Each structure stands twice: as C-alpha cells, then as structure tokens.
Amino acid sequence: RLEALAAMIYFERQTSRLCGVHAINALLQGPFFSASDLAAIARALDDEERSLLDQSSLRRSSGSHAERSENVGDDGNFSIQVLCKALDVFGLSARYASADEERGTDAAKELAFVCNLSEHWFALRRLGDAWWDLNSMHAAPKKIGTFYLDAFLNQLTAEGYSIFVVRDLAAAALPEMLGQNGEYGEWLTEEECLRLTSEAETAQASGRARLAAESAMKTLSDGPSRLVVDGGVASDVVDLTADRELQAALEASMEDYGKLNASGTDTDADLKAVLAASLEEIEGGDASIEAAIAASLRDEEAKMDVDVARFAEEPDAGDGIVSLAFRLPDGDRIARRFACASSIADVEKWLEVAKRLDMRSNCLALAFPPRALADASTSIRDAGITDREVLAVRPRP
C-alpha cells in the first residue's frame, strides 16, 4: 500500500476551522472521516468526561459545563483526544513525542507525525521513499528531504508545536480510498504537488516584491532623501547597494575566519590542554560531586514525602470546592476535587505526586478552547476555573 500511495497523494485544503479533519484524512491518505464523524466522537468523549466528573463530585451539577463540549468548538476545531479516538478506530495510536526518546533518534524511520500549535493541526507522512508536509494551509503537499526531517521537527518544537508520533500504520487494515475525494480532498501526483507548490511560492514572492516596491515608492513620495548608490551620493533614489555591501561584509568575515582556522594548530593544542586540565579537576572532584548528588536526592525524597502527605485526603464536595478532570500527555484522564482557594501551583504539585509528571516542562491549560495557565500563583477561582472544568497537561511554552 505504501508503494501505491507514493504514486498519488491525498490532500485536503483548509476549510473553515476543520484542520483536525484534514490532518487525520491526510495522515490516513483518504476521506476516512467527515466533520460529523469527529463531532460524534467528541460527544462520546464529553459524556465520558462528565461521567468521570460525576464520580468525583458525587453529584450532578447543572450549568454551562453540562452542555458545552470540551472536545470540539463551535467552529469545528477538535481536541487531540478526538483525533486519537479517530485513529484508534483503525488500531492506531498517537503518542506525544516530547523529544527524541519517544520519536526515536532517527525520525525518518517513522511513518507519520501529527503536529499542533494552538488551534491548528497538520500531518507529516512518509509516502514511498519521501516525506511530505500535508499542512492544509499549503496550496499542495510539500516534499521534505529525509535528511531535513529531524531539523524540521526540531524547528517545529522550538516554535512551540506539540508533536505526536503515529505508529503501526504499515500493519493497519485501512480500506482502499484511492480515487475517492470525499467532501474536501483531491488526489495529486508528485509532479502536480511540486508544480502547485512552486506556483504558490512564486506568487508569494511576487507579492513580497510588490509590497517592497510599494514601500519604496511611498518612501520617495514622502520626500527627498540622501542614499548611497555605487559609492556616490544621490537624492530621491532607493538604495541599490545595501545587499551588495552586506554580502561584502559577510565575505570579509568568512575570510577572517578562514585565516584564523588556517593557523589554528597551536590554538587547537591550547584548547586540548585546557580541556584536559578541566577533566582532571572534574575527576578529582568526583567524590564531592557524588556526595552533593546524594544529599540532593535525599532532600527531594523528603519533599516528596511531605507532598504525598499534603495531598493524601481529597476535600469533600460542597461550597468552595470544584471537581476538575485532567487530560494527561499519555492520553490518560483523572479527576479530583480542589478548594477554589488552592493555587495552580497546588494543582501542579498534586499532578507531580499522583502521576509523577514533570510540571517544570509541562503546564496546565484550559482544554477547550486552549489557554495556558501561566501564572502558577493564581488561585483556581481567580484563574476563572469553574466546577466540572476539564484541564489539559501540555508542554510549557
């Protein structure tokens, strides 16, 4: 099937806020799900989460939370839980790839990733021997070099994207969808993808050039100016040498670097000597370092014991108490009651104790629509969190 997919690529362009639908279908390579299908999954998840909250609060509360979906917005934006449930229909799972330990040291050996930033989803997929960026905001699928994939994923992570690796695609029993376009999609050859991408980039570059020209004309219309042109002085002209001067400066810098590098033998020897001396100091201090580490571990264990005792008893339901559900990075969900006066830091500490989560690299966020709770000193009440709220644990921005 992977060989067949290499010949034709299924792609959906952005419609409304349905990027979750587009991402799943592009990843699976066919019109497998409609917006209605994912909405049905979202409603089922809402029912499960409300049931979990009912068990925690021991009472059915009325109000907006009983009606508002925590998994799909009015505009059609879906949560990661919905996308994971959709993949589960075919026995697939999406696991949060926090770093190389989950997606592997060689990302190119995987078959698919789902990427998310704020309210936008898109898929990366290996089709045949090539990787493709299937972002519905593009004019067409964009080919990614295999050797560039790791750098591309690292760039997305640095920009704040959450990345999920999807496995078992090769063994999945997916129905044949080749030639079926569904409501939003189309099948493209590799040549069509490259042509459409090139045309879009040319149009974008043309737009930038037009804006630059308009900006230059505006500068001229605002009044005379003295700008350098080929070493002379002129009036009412645009600087045509800025790029050449910058290039010359860069070339001079590279020449200086080359001269330093050419005579760098002694410098290398000095550097090696410094490193050797540093290593000797480190080796001599091993005993003191080990003792410091052991003391630090004892302190951490003592703090953990205090925290375990602190959160041992859950407050009873009543006034000033809210029942909260939490979506964890591994897809698990838990619930607990908290006093409204408790801080976000208290909730994060409980998650560290209860689920051994690293809340230094993660944070709490309102699940839908997503909003990070950045100020940990804020109380649950002041953060605007109400009874039966669903919070997500996600990477700290």
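Located above this text is the structure these notes cover.
Summary of the structure given here. (Residues numbered from 1 in each chain as written. Predicted model: local features only at pLDDT ≥ 70, side-chain atom pairs only at ≥ 80, totals over all residues. Heavy atoms only, no water.)

Pairing in this open sheet of 5 strands is mixed, and the strands run 12-11-15-13-14 from one edge to the other. Where the open sheet ends on each side, the last strands, each with one partner, are strand 12 (333–339) and strand 14 (371–372). Pairing between strand 13 (residues 362–366) and strand 14: 2 bridges, direction antiparallel. Following the sheet pairing, alanine 365 is matched in strand 14 by alanine 372. Set on the sheet, helix 11 (residues 344–355) makes contact with strand 11 (321–327), strand 12, strand 13 and strand 15 (390–395); between it and strand 12 the angle comes to about 140°. (Pairing = 2+ DSSP bridges. Helix = DSSP H or I, 4+ residues; strand = E, 2+ residues; numbered from the N terminus. Contact = heavy atoms within 4.5 Å. Axes fitted to C-alpha atoms, helices over the stretch in contact; angles between N-to-C directions.)

All right, on to unusual backbone geometry then. At serine 16, a residue that is not glycine, the phi angle is positive and equals roughly 50°. By the element assignment, serine 16 lies in the loop between strand 1 (8–12) and helix 2 (19–28). For aspartate 168, which is not glycine, the phi dihedral falls at a positive 70°. By the element assignment, aspartate 168 lies in the loop between strand 7 (162–167) and strand 8 (185–189).

For the rest of this paragraph, the subject is the sheet that holds strand 2 (residues 93–96). The 6 strands lie next to each other as 2-7-3-4-5-6, forming an open sheet whose pairing is antiparallel. Every other strand in the sheet has two partners, leaving strand 2 and strand 6 (142–144) as the edge strands with one partner each. Averaged over all pairs of adjacent strands, the angle between strand axes in this sheet comes to 30°, irrespective of strand direction.

Here we take up the nonpolar core. Core analysis: the biggest nonpolar cluster contains 40 residues, and Leu27, Leu28, Phe33, Phe78, Val166 and Leu169 have the highest contact counts within it. Those elements giving two or more residues to this core turn out to be helix 2, helix 3 (35–57), helix 4 (80–88), strand 2, strand 3 (112–117), strand 4 (120–127) and strand 7. Sequence-distant contacts of leucine 27, that is, excluding residues within four places in its chain, are made with Leu87, Ala112, Phe113, Val114, Ala123, Arg125, Val166 and Leu169. Core analysis: the second largest hydrophobic core is formed by 23 residues, Phe311, Phe326, Ile385 and Val393 among them. (Core = buried A, V, L, I, M, F, W, Y, C linked by side-chain atoms within 4.5 Å. Buried < 20%, exposed > 50% of the residue type's maximum accessible area, 1.4 Å probe, protein only.)

Here we take up the pairing of strand 13. The buried fraction of strand 13 amounts to 5 of the 5 residues, a majority that puts the element mostly inside the structure. Burial along strand 13 is two-sided: the face carrying Asn362, Leu364 and Leu366 and the face carrying Cys363 and Ala365 are both buried. Both strand 13 and strand 15 contribute to a ladder of 5 bridges, which runs antiparallel. Pairing of leucine 366 across the sheet is with leucine 391, part of strand 15.

This brings us to the packing of aromatic side chains. Under the defined criterion, the tally for this structure stands at 11 aromatic pairs. Judged by centre distance (6.1 Å) and plane angle (80°), the rings of phenylalanine 326 and phenylalanine 338 are edge-to-face. With a gap of 12 residues between them, phenylalanine 326 in strand 11 and phenylalanine 338 in strand 12 connect regions that are remote in the sequence. When sorted by exposure, phenylalanine 326 lands in the same class as phenylalanine 338, which is buried. Here the basic side chain of arginine 336 rests over the ring of phenylalanine 338, its NZ or CZ set 4.9 Å away from the ring centre. (Phe/Tyr/Trp six-rings, centres within 6.5 Å; stacked < 30°, edge-to-face > 60°. Lys NZ or Arg CZ within 6 Å of the ring centre and 35° of its normal.)

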